[in-house]
Amino acid sequence: GAGAFPVCSHGHPPGRWARGWSWMASEPFRLFFFSGALWSVAGVSLWIFYYAGMLTFYPGLTHARIMMENFGGGFVVGFLGTAGPRMLSGPRLSRLELVVLFSLHMAGGMCHWKLMPAAGDGCFAVMLGVLVMGFLGRAVGCWKKGAMRPQLALALAGLGSGMTGALLLGNAAWLEKTGMEGWRLAGLLLYQGFLLLPVMGMGSFLFPRILGGGFGGEEKDRRAAAWGWLRAGLAAGMVLWSFRLEASGWILSGYGLRIVGAGGYLAAGVPWRGGAGAARVRRGTLAKALYWSMALGLAGLVAGAVFHGHHVAAEHLLYMGGFGLVILVAASRVLFGHSGDLPGFSGKSWQARTILTLTVLAATTRASADLKPSIMISHHLYAALLWAGCVLLWMVWHGRRWMRRDDS
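Residues numbered from 1 in each chain as written. Predicted model: local features only at pLDDT ≥ 70, side-chain atom pairs only at ≥ 80, totals over all residues. Heavy atoms only, no water.

A. Structural detail: the packing of aromatic side chains. One pass over the full model with this rule turns up 19 aromatic pairs. With a centroid separation of 5.7 Å and 65 degrees between ring planes, the pair formed by W272 and Y291 is classed as edge-to-face. Here W272, found in the loop between α9 (251-269) and α10 (279-282), pairs with Y291, found in helix α11 (residues 285-306); they are 19 residues apart in sequence, far enough to count as distant. An aromatic cluster of at least three residues, connected via ring pairs, comprises F29, F33, F34, F71, F75, W387, W394 and W402. Over the face of the ring belonging to Y255 we find R258, whose NZ or CZ atom lies 4.9 Å from the ring centre. (Phe/Tyr/Trp six-rings, centres within 6.5 Å; stacked < 30°, edge-to-face > 60°. Helix = DSSP H or I, 4+ residues; strand = E, 2+ residues; numbered from the N terminus. Lys NZ or Arg CZ within 6 Å of the ring centre and 35° of its normal.)

B. Spotlight on the confidence of the model for the protein chain. Counting all residues, the mean pLDDT for the protein chain is 88, and 89% of those residues have values of 70 or more. Across the protein chain, helix α2 (residues 29-51) holds the top mean pLDDT of 97, while α10 sits lowest at 45. Note that residues 1-15 has pLDDT below 50 and, in this model, 40 contacts with residues that lie over four places away or in other chains. In this model, residues 276-282 is a region of pLDDT below 50 whose contacts with residues beyond four sequence positions or in other chains number 17 contacts. (pLDDT = per-residue confidence, 0-100. Contact = heavy atoms within 4.5 Å.)

C. Fine view of the state of the cysteines. If you walk through the whole model with that rule in mind, you get zero disulfides. Free of any disulfide, C111 has its nearest cysteine sulfur in C123, 4.6 Å distant. (Disulfide = S-S within 2.5 Å.)

D. Representation of the packing of helix α7 (residues 172-210) against α9 in the model. It is at 9 Å that the axes of α7 and α9 come closest, and there the two elements cross at 15 degrees. Classified by the angle between their axes, α7 and α9 sit roughly parallel to one another. As for how α7 packs across α9, the hand of that crossing is right-handed. Note on element contacts: α9 touches α7 through Y255, R258, G261, A262, Y265, L266 and G269, opposite R184, L188, Q192, L196, V199, M200, G203, S204, F207 and P208. Its residues placed into classes, the contact of α7 with α9 shows ten nonpolar, five polar and two charged. (Axes fitted to C-alpha atoms, helices over the stretch in contact; angles between N-to-C directions. Parallel < 35°, antiparallel > 145°, perpendicular 65-115°, else oblique. Left-handed = near helix turned anticlockwise from the far one by under 90°. Nonpolar A, V, L, I, M, F, W, Y, C, P; charged D, E, K, R; others polar.)

E. Quick look at the pattern of salt bridges. Scanning all chains against the criterion turns up ten salt bridges. Here E315 makes a salt bridge to R184, at a shortest N to O gap of 3.6 Å. Highlighted residues: E315 in the loop between α12 (311-314) and α13 (316-338) and R184 in helix α7, separated in sequence by 131 residues. According to the relative accessible area criterion, E315 is buried, its value standing at 1%. Linked by salt bridges that have partners in common, R184, E246, R258 and E315 make up one network. (Salt bridge = Lys/Arg side-chain N within 4 Å of Asp/Glu carboxyl O. Buried < 20%, exposed > 50% of the residue type's maximum accessible area, 1.4 Å probe, protein only.)

F. Region of the structure containing empty space enclosed by the protein. Summed over the entire model, instances satisfying the criterion amount to four cavities of 30 Å³ or more. Those elements giving two or more residues to the lining of the largest cavity turn out to be α3 (60-87), α7 and α13. No other element matches α7, which puts seven residues into the lining of the largest cavity. Residue classes in the lining of the largest cavity are distributed as 15 nonpolar, two polar and no charged. (1 Å grid on protein atoms, 1.4 Å probe; cavity = no way out; pocket = protein on both sides within 12 Å on 5 of 7 lines; lining within 4 Å. Points joined across faces, edges and corners; volume = space filled by probe spheres on them.)

G. Expanded view of the nonpolar core. One finds L80, M200, W387 and W394 to be the most contacted residues of the largest nonpolar core, which totals 110 residues. In terms of residues, this core owes the most to one element, α7, which gives 17 residues. Ignoring any residue separated from it by four or fewer positions in sequence, one finds W387 in contact with S40, V44, M67, F71, M320, G324, L328, T359 and A362. In terms of nonpolar packing, the next biggest core, distinct from the first, is built from six residues, W39, A42, F57 and I66 among them. (Core = buried A, V, L, I, M, F, W, Y, C linked by side-chain atoms within 4.5 Å.)

H. A look at the layout of surface pockets. Of the pockets and cavities examined, the largest pocket occupies roughly 890 Å³. Lining the largest pocket are 35 residues, and of these A64, Y191, V312, H316 and Y319 sit closest to its centre. Mapped onto the lining of the largest pocket, the elements with two or more residues apiece are α2, α3, α7, α12, α13 and α15 (376-397). Ranked by residues supplied to the lining of the largest pocket, first place goes to α3 with nine residues. Of the residues in the lining of the largest pocket, the class split is 22 nonpolar, eight polar and five charged. Estimated volume of the second largest pocket: approximately 360 Å³. The set of elements that each furnish at least two residues to the lining of the second largest pocket consists of α7, α9, α11 and α13.

I. Structural detail: a nonpolar patch on the surface. A surface patch of nonpolar side chains, amounting to about 380 Å² of accessible area, comprises L298, V302, V306 and F307. Turning to its location among the elements, V306 is positioned in helix α11. (Patch = residues over 30% accessible without salt bridge, like charges linked within 9 Å, V, L, I, M, F, W, Y side chains within 5 Å. Areas by Shrake-Rupley, 256 points an atom, 1.4 Å probe, with all protein chains shown as cover.)

J. Representation of the packing of helix α6 (residues 150-169) against helix α8 (residues 222-247). Closest axis-to-axis distance for the α6/α8 pair is 9 Å, and the angle between their directions is 20 degrees. As summarised for this structure, α6 and α8 are arranged roughly parallel, according to the angle between their axes. Both α6 and α8 take part in a crossing whose hand is right-handed. Counting all contacts with α6, which are made through P150, A153, L154 and S161, the residues of α8 involved are G228, W229, A232, A236, L240 and F243. When grouped by side-chain class, the residues that make up the contact of α6 with α8 number eight nonpolar, two polar and no charged.

Okay, structure coming up:
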């Protein structure tokens, strides 16, 4: 039912090392989080290779696609592939679904690495389409039971945004016809809508748990549930329409509507000031990092609007500090919880503090790269090295949790 969500919410003794493709398919985050993290290191390494004279092409487009479709895409598919079926009270992913999804994930990344962006975008769009189709049958049964959550619907809207953006960017005829307006609209759907909508939806579900309460969205009656759907629909509509406004030249209006839609939804749906039992958890480094990610994401949108001539650099506060940091925090919560080590998430550690520091430094360094031509190259390199170090440390820190299961 709507109130049931079988994800461990208490600490359990460390589980056994688990094996088998069926188990991996039921918890695909273990495979996709690991792969997505490696792809992000590869994506930023392109700048290091370029400035070292090891690349013959400018890596801007390839870097952007790998970071969004393979880093962001890997974590989105891993999270939704694990949580989605549970939220829909449906069967977990099958082994076939896992193999198809992961094959498309890897093929898309290799296509971008080989400078075949249209093929890479196609693999990405098909991967999202397969995931959405896999949810349809589960969603029908869940809807009949009245258990469908607006948070998951927002996440699926993000998949639709990413799929549409990737397909439009791969449609040369459409881009030629629509010009820069078409380019910007497609880019916004892929680079912002694909992650922003899932962060809004799954964030309003998971963030309250990270901050010490229960999972969000437990509506008590039909009226509250209807209000939840109305808020989600209105917020999604505001975000999507903001893309259209910005692409049409209404820069400040587009950014403003996006901030109000996304920020308002998260502000109303997440108990940011805490509540009973939340204070102990909020003292944990990773929970504090959640506040940093929201602040940096907002700063990225504001900076992109104010300094729109340099919006690509300014919006890295959103991409690295907002999306990147919230991905690492949410993924850490999943890894701690599913490995039977949930109390560890609420603690303080030098690893978590270092990851937070490196992420903030990487985001601000990259965002400031356009301030002076004399610092652009060095800031590109510093940001790439900081982010690569951050992600590698994150992977090593979770080393014993990648394949350890919670027996309960």
